[in-house]
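# Notes for the structure review
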Amino acid sequence: MTDPPIEPLDLLDTDCADILASSSYPALELQLVRFGVDTAEARIKTNFLTLVRQKPETPEEWAILTEAWEVACEYKPSIEDFRLLAEFLWENQESVEVD
């Protein structure tokens, strides 16, 4: 089996190392960069998408998700936003395979 060729991402080695070491989901973050998203914006989006994958259990986790939402989406989430998120993602989580 051979690995696919490495694609140049126009990143400094330190930027790539930071993604691999610090990202909550390095593969997604690198994919976003590959598609032309700025590295800082890719980190924000990756952090937010990683957090919404699992329903928060504690007030602290809810606060972290709310803060990430505000940064990524540039507005404060409403109760309706969270209700829809729960309906679309978390209530049907058992039927969705998550890696």
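The model shown is predicted, which means the values in this text are computed figures rather than measured ones. (Residues numbered from 1 in each chain as written. Predicted model: local features only at pLDDT ≥ 70, side-chain atom pairs only at ≥ 80, totals over all residues. Heavy atoms only, no water.)

### Things to note about the nonpolar core
- Residues F48, V52, L65, A68, W69, A72, F82, L85, A86 and W90 constitute the largest nonpolar core, which totals 10 residues.
- Counting residues per element, the ones that place at least two in this core are α3 (39–52), α4 (59–73) and α5 (79–90).
- Formed by 5 residues, the second largest nonpolar core is a distinct cluster that contains I19, L30, V33 and A42. (Core = buried A, V, L, I, M, F, W, Y, C linked by side-chain atoms within 4.5 Å. Buried < 20%, exposed > 50% of the residue type's maximum accessible area, 1.4 Å probe, protein only. Helix = DSSP H or I, 4+ residues; strand = E, 2+ residues; numbered from the N terminus.)

### What about the side chain of E29?
- Inspection of the secondary structure puts E29 in helix α2 (residues 26–34).
- A distance of 2.9 Å separates a polar atom in the side chain of E29 from a polar atom in the side chain of R43.
- When near neighbours in sequence (up to four residues on either side) are disregarded, E29 contacts I19, S23, T39, A42, R43 and T46. (Polar contact = N/O pair within 3.5 Å; in protein donor to acceptor, adjacent residues only side chain to side chain. Contact = heavy atoms within 4.5 Å.)

### Looking at the packing of α3 against α4
- Contact geometry of α3 with α4 gives a least axis separation of 9 Å together with a crossing angle of 140°. The orientation of α3 relative to α4 falls into the category oblique. The interaxial crossing formed by α3 with α4 has left-handed handedness. Touching I44, K45, N47, F48, L51 and V52 of α3 are I64, L65, A68, W69, V71, A72 and C73, all from α4.
- Residues of the contact of α3 with α4, tallied by class, amount to 11 nonpolar, 1 polar and 1 charged. (Axes fitted to C-alpha atoms, helices over the stretch in contact; angles between N-to-C directions. Parallel < 35°, antiparallel > 145°, perpendicular 65-115°, else oblique. Left-handed = near helix turned anticlockwise from the far one by under 90°. Nonpolar A, V, L, I, M, F, W, Y, C, P; charged D, E, K, R; others polar.)

Any link to function would need more than the numbers given here.
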